[in-house]
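Structural description and commentary
Residue strings, one per chain:
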Amino acid sequence: MRRLLRILIILLVFPPLIAAVMGWLVAPSFLHPIRRPLTPDLIQQADVSFAHYGTHSEAFDVRAPDGVVLRGWKVRAPLPNGSWVLLFHGVADNRMGVIEHALVLLQAGYSVTMMDARAHGESGGDTGTYGWLERRDTSAILDTLIATEHPTHIFALGESMGAGIALQSAGTDPRIEAVVAESSFADLREASYDYAGLQKYPLLGKTLFAPGAWIMLARGQSLAGLPAAEVSPERSVARRPFPVLLICDEADTTLPCRHAERIYRAASGPKSLWVVPKAFHTAALGYQPVEFRKRVLDFFSTYNTPR
């Protein structure tokens, strides 16, 4: 009986303890994601893609409020309709992660910005904050874009981390009029449960492995001065009633559909949710290219009215 009790105690105590240690160790990499370099081959690939549609990229560098230099491209549509879409890539990626989305928009007359997020690609900074500082970066990008291009309307489209940044940016800057967000996290704590559950077992992430999520967030806050509770697309859509098209991928285990569903329930403005059958994380355009184009372009056209 005592042996059985010892085994039971070990089974209950050991996993949370290991998870807590792993959370402590993982926290720095959570704040300092691996950079995907913007190689000459990637730049050439982009140049060829843009040239195929009769346009080209221009360097677009912006200084963030804290002095970090954000690097990216402006790309004007061959037949511009006057509106611009800010594109936001996912974690550990760079601006090339949204090039296919850019091509869809450029063909439809929308000019785009493609920026490397801070601590990603060629942009400065070594700490990613998943929207806390990035929303201010977005406002600086908007200041420069408006001063140079005078857009008729400004929209945003983001993937994964970029979706969360787009929603949080729109929550604080009313110049962003509507947002398409695919595979966004609801808030950092909810996302940490998925990572603690090894992106397969969110229930374990919320129970036995929950200490890993708690420790990772606590140490992240300490290292970066990051108020984790405030990094919340869910709160952002509740705070300001801007239109949102939320896309979740049915087979996504990285950020499952419950995140998009929470954001959808919280949204206080016009909203729609598209669940993409069988698609994996941020794969809607690949799985349903025709439907993706239709839904995204119909959504933006609703708000792309003459002024």
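You'll find the structure just up there.
Notes on the structure follow. (Residues numbered from 1 in each chain as written. Predicted model: local features only at pLDDT ≥ 70, side-chain atom pairs only at ≥ 80, totals over all residues. Heavy atoms only, no water.)

A closer look at the nonpolar core
The condition that has to hold: The set of buried Ala, Val, Leu, Ile, Met, Phe, Trp, Tyr and Cys residues whose side-chain atoms join them within 4.5 Å is what this entry labels a nonpolar core. A 1.4 Å probe rolled over the protein chains alone gives each residue an accessible area, and that area as a share of the maximum for its type sets the label: buried under 20%, exposed over 50%, partly exposed in between. Helix numbers and strand numbers start at the N terminus; a helix is a DSSP run of H or I with at least 4 residues, a strand a run of E with at least 2. Contacts are assigned to residue pairs with any non-hydrogen atoms lying within 4.5 Å of each other.
In this structure, Leu86, Leu167, Val179, Leu188 and Val244 are the most contacted members of the largest nonpolar core, which totals 43 residues. Of all the secondary structure elements, the ones that give two or more residues to this core are strand E1 (57-63), strand E3 (84-88), helix H4 (134-149), strand E5 (154-159), helix H5 (161-172), strand E6 (179-182), helix H6 (188-196) and strand E7 (244-249). With 6 residues, H5 is the single largest residue contributor to this core. Every residue in contact with Leu86, bar those within four places of it in the chain, is listed here: Thr113, Thr138, Leu142, Leu145, Ile154, Phe155, Ala156, Leu157 and Ile176. Judged by nonpolar contacts, the second largest core, of 36 residues, contains Val85, Val98, Ala178 and Trp274.

A word on unusual backbone geometry
Of note in the backbone geometry, Tyr130 takes a positive phi value of approximately 60° without being a glycine. You can see Tyr130 is positioned in the loop between strand E4 (111-115) and H4.

Brief notes about the environment of Val275
Following the sequence through the fold, Val275 ends up in strand E8 (residues 271-276). For Val275 and Ala260, which are 15 residues apart along the polypeptide, the C-alpha to C-alpha distance reads 9.2 Å. Sequence-distant contacts of Val275, defined by excluding residues within four places in its chain, comprise Cys248, Glu250 and Cys257.

Quick notes on the sheet that holds E7
Going by this rule: Pairing between strands requires that DSSP locate at least two bridges from one strand to the other. Axes here refer to lines fitted to C-alpha atoms; in helices the fit is confined to the stretch in contact. Angles between the N-to-C directions go from 0 to 180 degrees.
Read from one edge of the open sheet, 8 strands run E1-E2-E4-E3-E5-E6-E7-E8, paired in mixed fashion. Sheet topology places E1 and E8 at the edges, where each strand pairs with a single neighbour. Ignoring which end each strand starts from, the neighbouring axes of this sheet average 20° apart. Note that E7 and E8 share 6 bridges and pair parallel. Within E8, the position partnered with Asp249 by the bridge is Val276. Packed onto the sheet, H4 meets E1, strand E2 (69-75), E3, E4 and E5 and runs at close to 125° relative to E1.

Considerations on the state of the cysteines
Spelled out, the test is: Cysteine sulfur pairs qualify as disulfides if the two atoms are within 2.5 Å.
Taken as a whole, this structure holds 1 disulfide when the rule is applied. Each disulfide pairs two cysteine sulfurs, and for Cys248 the partner residue is Cys257, the sulfurs being separated by 2.3 Å. Residues Cys248 and Cys257 share a disulfide whose torsion about the S-S bond is about 95°; that sign makes it right-handed. One exposure class covers both Cys248 and Cys257, and it is buried.

Some thoughts on helix H3 (residues 99-107)
With 7 of 9 residues buried, H3 lies mostly within the body of the structure. For H3, the full list of buried residues reads Ile99, His101, Ala102, Leu103, Val104, Leu105 and Leu106. Looking one or two residues past H3, Gly109 carries a phi angle of roughly 100°, positive in sign.

Considering the environment of Leu285
Mapped onto the fold, Leu285 is located in helix H11 (residues 284-287). Exposure remark for Leu285: the relative accessible area of 13% places this residue in the buried category. Residues Leu285 and His101, spaced 184 residues apart in sequence, show a C-alpha to C-alpha distance of 7.8 Å. Apart from the residues within four sequence positions on either side, Leu285 is in contact with Glu100, His101, Val104 and Phe292.

Examining the pairing of E7
What counts here: Convention used here: a crossover is right-handed provided that the path from the first strand, over the helix, to the second strand proceeds clockwise when the strands point away from the viewer.
With 6 of its 6 residues buried, E7 lies for the most part within the structure. Of the strand pairs in this sheet, E6 and E7 are connected by 4 bridges, and their pairing is parallel. If you follow Glu182 over to E7, its bridge partner there is Ile247. Regarding topology, helix H10 (residues 257-266) serves as the crossover connection from E7 to the parallel E8, and that connection is right-handed.

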